Amino acid sequence: MTDLPIRDELRGVEPYGAPQLDVPVCLNVNENPFPPSEQLVADAARAVAHTVRGLNRYPDREATTLRERLAGYLDRESGVALRTEQVWAANGSNEIMLQILQAFGGPGRTALSFAPTYSMYPEYARDTSTRWVVGRRDDDFSIDAETALKAVAEHQPSVILIASPNNPTGTAVPLDTVTALHEATDGMVVVDEAYTEFRRDGVPSALTLLADHPRLIVARTMSKAFAFAGARVGYAAASEQVIDVLRVVRLPYHLSAVTQAVAVVALEHAAELQARVAQLREERDALAAWLRGIGLEVADSDANFVLFGRFADRHAVWRSLLDHGVLIRETGPDGWLRVSVGTPEETTAFREALVEVLKEHT
Ligand SMILES: *Cc1c(COP(=O)(O)O)cnc(C)c1O
């Protein structure tokens, strides 16, 4: 490996990702615990069979039908009407983010975010040779607008990445902060709304800002609320001009015909999936209340996971939970752990295991 002529910044770097372990209760990567319904499975199977008959041809490069359906979904979900040309789709919002940095980052340019935040952002920056700078979030994981504007003035980023709700903390960023950042920069402002369907009542989506903010991009995914992580479908909403720039950097035929077909079917089942989301939001609030009730600190969450702590030795707590058959995530600031909201049975297993583990560790 060391003999290979690899880029200096990749030398000695291990591929990154959460451990994929075979454990009875997996609450570590914020997946939706409910599999697609049998009706969705049947509809998707029919769509795949139809698509496979045409796999000798390249897929629709512009994913037009899918983008049209995504626009329809966003209108129903957030009340924001967008044209198909304002929506873009790719293999997960990971690819969307990479395309954004390919188009707006690059050598000599800077991407700015506020930590603790999503651990994949620095990788997209590295892979596009974009300088990566992080400002700090406050102790309650909110972004202080004044601190943020100072960081913008100092680093002159061409891309600002804000996860809202944030991973791993669950914190939603007020729209005032987004508009202040947009005003303070001539770069792009990206709001990563991977978890936004789980937001609490009264928390708005940054989609409502798109009409007046030409350098805003709202990134979303079907991986979380849509229970479709394995299909790899992410998307972005922005001005038509911004989407046209993303179309320049995308790989030819980047989104397979099969992916497009199953995503369209899943969107037809959005109502059924939204009922599950409502249930998960309730479970999340109950889990947060329970954790507080046993004396732990919990970050307010608008997502489908909860960050809780603090532990003098969080690794020991994580490890003991794993010994009890429950895999959660050791991530975020030291002392904290993150647990995804599972089925009621999984959450019960987590709670029972945690009670046992805390006895062992106190
Ligand atoms: C899970 C997650 C995503 C989703 O990534 P996909 O590639 O769409 O699966 C995006 N952003 C954040 C912050 C996430 O936690």
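About the cut-offs
- Residues numbered from 1 in each chain as written.
- Predicted model: local features only at pLDDT ≥ 70, side-chain atom pairs only at ≥ 80, totals over all residues.
- UniProt positions renumbered as here; feature names shortened; annotations may be inferred.
- Helix = DSSP H or I, 4+ residues; strand = E, 2+ residues; numbered from the N terminus.
- Near = placed C-beta within 6 Å.
- Nonpolar A, V, L, I, M, F, W, Y, C, P; charged D, E, K, R; others polar.
- Contact = placed C-beta atoms within 7 Å.
- Pairing = 2+ DSSP bridges.
- Axes fitted to C-alpha atoms, helices over the stretch in contact; angles between N-to-C directions.

## A short note on the UniProt feature "coiled-coil region" (unreviewed entry) in the protein chain
Okay, so step 1: When the UniProt feature table is mapped onto this chain numbering, "coiled-coil region" (unreviewed entry) sits at residues 263-290.
Okay, so step 2: Taken as a whole, residues 263-290 contains 96% helix and 0% strand, while its terminal C-alpha atoms sit 36 Å from one another.

## A few points about the site of the ligand
Okay, so step 1: In the vicinity of the ligand lie 14 residues, with Gly92, Asn94, Ala194, Thr221 and Ser223 positioned nearest.
Okay, so step 2: If you tally residues by element for the shell around the ligand, the top one is helix H3 (residues 92-104), at three residues.
Okay, so step 3: Class assignment of the residues belonging to the shell around the ligand gives a composition of four nonpolar, eight polar and two charged.

## Things to note about the UniProt feature "domain: Aminotransferase class I/classII large" (unreviewed entry) in the protein chain
Okay, so step 1: UniProt records the feature "domain: Aminotransferase class I/classII large" (unreviewed entry) at residues 27-353, using the numbering of this structure.
Okay, so step 2: The span residues 27-353 shows a helical share of 42% and a strand share of 15%, and its end C-alpha atoms are spaced 13 Å apart.

## Comments concerning the environment of Gln102
Okay, so step 1: Secondary-structure assignment places Gln102 in helix H3.
Okay, so step 2: Distance in space between the C-alpha atoms of Gln102 and Arg250 is 9.0 Å, their sequence separation being 148 residues.
Okay, so step 3: Gln102 has contacts with Thr128 and Val249, leaving out every residue within four places of it along the chain.

## Notes on the sheet that holds strand E4 (residues 131-136)
Adjacent strands of a sheet pair through backbone hydrogen bonds, lying either parallel or antiparallel.
Okay, so step 1: On the basis of which strands lie adjacent, the open sheet formed by seven strands has the order E2-E8-E7-E6-E5-E3-E4 and mixed pairing. Since the sheet does not close on itself, it has two edges, and those belong to strand E2 (87-90) and E4, each with one partner. Within the sheet, the average angular offset between the axes of one strand and its neighbour, ignoring direction, is 25 degrees.
Okay, so step 2: Bridge analysis of strand E5 (residues 159-163) against strand E6 (residues 188-192) gives five bridges, and the strand direction is parallel. Of the residues in E6, the one forming a bridge with Leu161 is Val190.
Okay, so step 3: Set on the sheet, helix H2 (residues 64-78) makes contact with E2 and strand E8 (234-237); between it and E2 the angle comes to about 120 degrees.

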